[in-house]
Amino acid sequence: MTDTIAKLTIGDKTFEFPVLSGSVGPDVIDIRSLYAKTGLFTYDPGFTSTAATDSSITYIDGDKGELMYRGYPIDQLAEKSHYLEVCYLLLYGELPTVAQLKDFEHRVTTHTMLHEQMHFLYRGFRRDAHPMAVVCGVVGAMAAFYHDSTDITDPMQREIASIRLIAKMPTIVAMAYKYSVGQPFVYPRNDLDYASNFLRMCFSVPAEEYVVNPVIARAMDLIFTLHADHEQNASTSTVRLAGSSDANPFACIAAGVACLWGPAHGGANEAALNMLKEIGTPDKIPEFIAKVKDKTSGIRLMGFGHRVYKNYDPRAKVMQATAKEVLTTLGVENNPLLQVAQQLEHIALTDEYFVSRKLYPNVDFYSGIILEAIGFPTSMFTAIFALSRTVGWIAQWKEMIGDPQKKIGRPRQLYNGAPARDYEPIKNR
């Protein structure tokens, strides 16, 4: 807290509210007593100016294009770390020692199998069901199978649930993919790392051996890392709101999956790839750009700009280099999608129309290209995003559960409906 006081004058009365300071970032005005003092609420659709919680997990400076997990810049973690180490950092606040990381990796690896009865859940879905519908249902159903980790008042049960979700989400997502293509489920293997295990469960078949390409595994690990958490976004806020009612952790994460499914959130990389496919070839870019600039066309530039970042998305820089490496490794470096993406990026970064609007490439612009090159259909992109974000949701949920200031979420409203009126019997109407 600072010594600064914010003053609000309403009519002839002035009210004072303390100003709180975090370790970095903008100060916030503490308006918890606003209604009690003034009888008024604030009005902030989309919560664009409202801090609903205090957190020590992730920090974003959109103007500078910075993203930090527990104080560590994302580009350093992407270059020097790997996903499970980042998971440990997000969950426990510090980077692990060698012994701590070994123990954590062991706990995650030995919890990757699903309860065998859960396999029958998949058969209840249509084969053409969207993977996110399947993932949302299966994650929510975990509460029906793992009763020993649903008591949120027990720290040990919260820990077990956390490990189970991180460990089993790749298996759940891979099984959703296998079910959609009519192939048998592939069980996880404890001798593989997190990303390699996921790739094997998605792409191996019983009829032949499958060897994971280390370049592809590293790219997959990077995608997981870059999407692990992103402060108080829509799905994270959904997890927190669900958790504020003391719902079990599996229900809370299922709520996060449901929110992430929306095309304005988790489906953005799918939309970016579809845009590149619609453009088709580099020679059609000028025509597309002209339509984007024409406000009456209804054409949008997907994969550029971000509600938070007003600078270059730091995750996009990592993804750009990784996309080139993956395509080269797979022998598809002349992929027309990448050529379109590169030229589109160049135009967007040099054209005054886009520069003035700060429409820089975001992480979705390149991650979609990488996932398609690896072999995933676009319908799987958001499910992979959910897999990546699970640890962030859990870290935020655990932080909220342990917060002594925790209250059930109950936003207010500006009511614009009919005023109070008397009921009139139907015969008189």
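Each chain carries its own residue numbering, running from 1 in the direction its sequence is written. It should be noted that, the model being predicted, local features are given only for residues of pLDDT at least 70 and side-chain atom pairs only at 80 or more, the latter also being counted only at that level, while totals for whole chains, interfaces and linings use all residues. No hydrogens and no water enter the side-chain calculation; it runs on all heavy atoms of the structure.

Caption draft 1: Quick look at empty space enclosed by the protein. Cavity and pocket criteria rest on a 1 Å grid covering protein atoms alone: a 1.4 Å probe that fits but cannot get out defines a cavity, protein on both sides within 12 Å along at least 5 of 7 lines defines an open pocket, and an atom within 4 Å of a point defines a lining residue. Grid points are joined across faces, edges and corners, and a volume is the space filled by probe spheres set on the points. This model, assessed by the stated rule, comprises two cavities of 30 Å³ or more. Taken as a whole, the largest cavity holds about 80 Å³ of empty space. Together, Leu-84, Val-108, Thr-109, Thr-112, Ala-167, Pro-170, Leu-192, Asp-193, Tyr-194, Asn-197, Phe-198 and Met-201 line the largest cavity. The helix count covers DSSP runs of H or I at least four residues long, the strand count covers runs of E at least two residues long, and both are numbered beginning at the N terminus. Of all elements in the fold, only helix 4 (98–109), helix 7 (155–181) and helix 8 (194–203) reach the threshold of two or more residues within the lining of the largest cavity. Considering each element in turn, the lining of the largest cavity owes the most residues, four residues, to helix 8. Throughout this entry, Asp, Glu, Lys and Arg are counted as charged residues, while Ala, Val, Leu, Ile, Met, Phe, Trp, Tyr, Cys and Pro are counted as nonpolar. The remaining residues, Gly among them, count as polar. Class assignment of the residues belonging to the lining of the largest cavity gives a composition of eight nonpolar, three polar and one charged. Of the voids in this model, the second largest cavity is the one considered here, and its volume is about 50 Å³. Every residue along the wall of the second largest cavity is listed here: Met-113, Leu-114, His-119, Thr-171, Met-175, Phe-185, Val-186, Tyr-187 and Pro-188. Its residues assigned to classes, the lining of the second largest cavity comprises seven nonpolar, two polar and no charged.

Caption draft 2: The arrangement of the side chain of Arg-389 in detail. With respect to the helices and strands, the residue Arg-389 is situated in helix 18 (residues 381–401). No salt bridge is formed by the buried Arg-389, whose closest oppositely charged neighbour, Asp-229, lies at an N-O distance of 4.9 Å. Once you skip the residues sitting within four places of it in the chain, Arg-389 turns out to touch His-227, Ala-228, Asp-229, His-230, Asn-233, Ser-235 and His-265. Accessible area is worked out with a 1.4 Å probe on protein chains only. A residue is then buried under 20% of its type maximum, exposed over 50%, and partly exposed in between. A positive count includes Lys and Arg, and a negative count includes Asp and Glu. His and the chain ends are not counted in either. One speaks of a salt bridge when a side-chain nitrogen belonging to Lys or Arg is within 4 Å of a carboxyl oxygen belonging to Asp or Glu. The criterion used for residue contact is that any of the two residues' heavy atoms lie within 4.5 Å.

Caption draft 3: Up close: the pairing of strand 2 (residues 13–20). In this analysis, strands are considered paired if DSSP registers two or more bridges between them. Pairing of strand 1 (residues 5–10) with strand 2 involves six bridges; the strand directions are antiparallel. Among the inter-strand pairings, Ile-5 is bridged to a residue of strand 2, identified as Pro-18. Where strand 1 folds back onto strand 2 in an antiparallel hairpin, the turn is made up of two residues, including Gly-11, whose phi is positive at roughly 65 degrees. Bridge analysis of strand 2 against strand 3 (residues 28–29) gives two bridges, and the strand direction is antiparallel. Across the sheet, Val-19 pairs through a bridge with Ile-29, a residue of strand 3.

Caption draft 4: The pairing of strand 4 (residues 58–61), seen in detail. Neither face of strand 4 is open: one carries Thr-58 and Ile-60, the other Tyr-59 and Asp-61, and all of them are buried. Where strand 4 meets strand 5 (residues 66–69), four bridges bridge the pair, whose relative direction is antiparallel. Bridge pairing in strand 5 links Asp-61 to Glu-66. Adjacent in sequence and paired antiparallel, strand 4 and strand 5 are bridged by four residues, among which Gly-65 carries a positive phi angle near 70 degrees.

Caption draft 5: Molecular detail of the nonpolar core. Counting residues in hydrophobic clusters, the biggest one holds 112 residues, and the most contacted among them are Phe-198, Met-220, Leu-344 and Phe-376. Phe-198 has contacts with Pro-170, Val-173, Ala-174, Met-220, Phe-224, Phe-376, Ile-384 and Leu-387, leaving out every residue within four places of it along the chain. We call a set of buried Ala, Val, Leu, Ile, Met, Phe, Trp, Tyr and Cys residues a nonpolar core when their side-chain atoms join them within 4.5 Å.

Caption draft 6: Spatial organisation of the pattern of salt bridges. This structure, assessed with the given rule, holds 13 salt bridges. Residues Glu-372 and Lys-277 are paired through a salt bridge, measuring 3.1 Å at the closest nitrogen-oxygen approach. Of the two residues, Glu-372 sits in helix 17 (residues 363–374) while Lys-277 sits in helix 12 (residues 268–279), which places them 95 residues apart along the sequence. The class for Glu-372 is partly exposed, based on a relative accessible area of 25%. Looking at Lys-277, the relative accessible area reads 41%, which means it is partly exposed. In this structure, the salt-bridge partner of Glu-287 is Lys-291, at a minimum N-O distance of 3.6 Å. Here Lys-291 and Glu-287 lie together in helix 13 (residues 285–293), a separation of four residues that amounts to about one turn. Here Lys-291 falls in the partly exposed class, since its relative accessible area comes to 38%. Counted as one network, the salt bridges with shared partners bring together Asp-103, Arg-107, Glu-159 and Lys-398.

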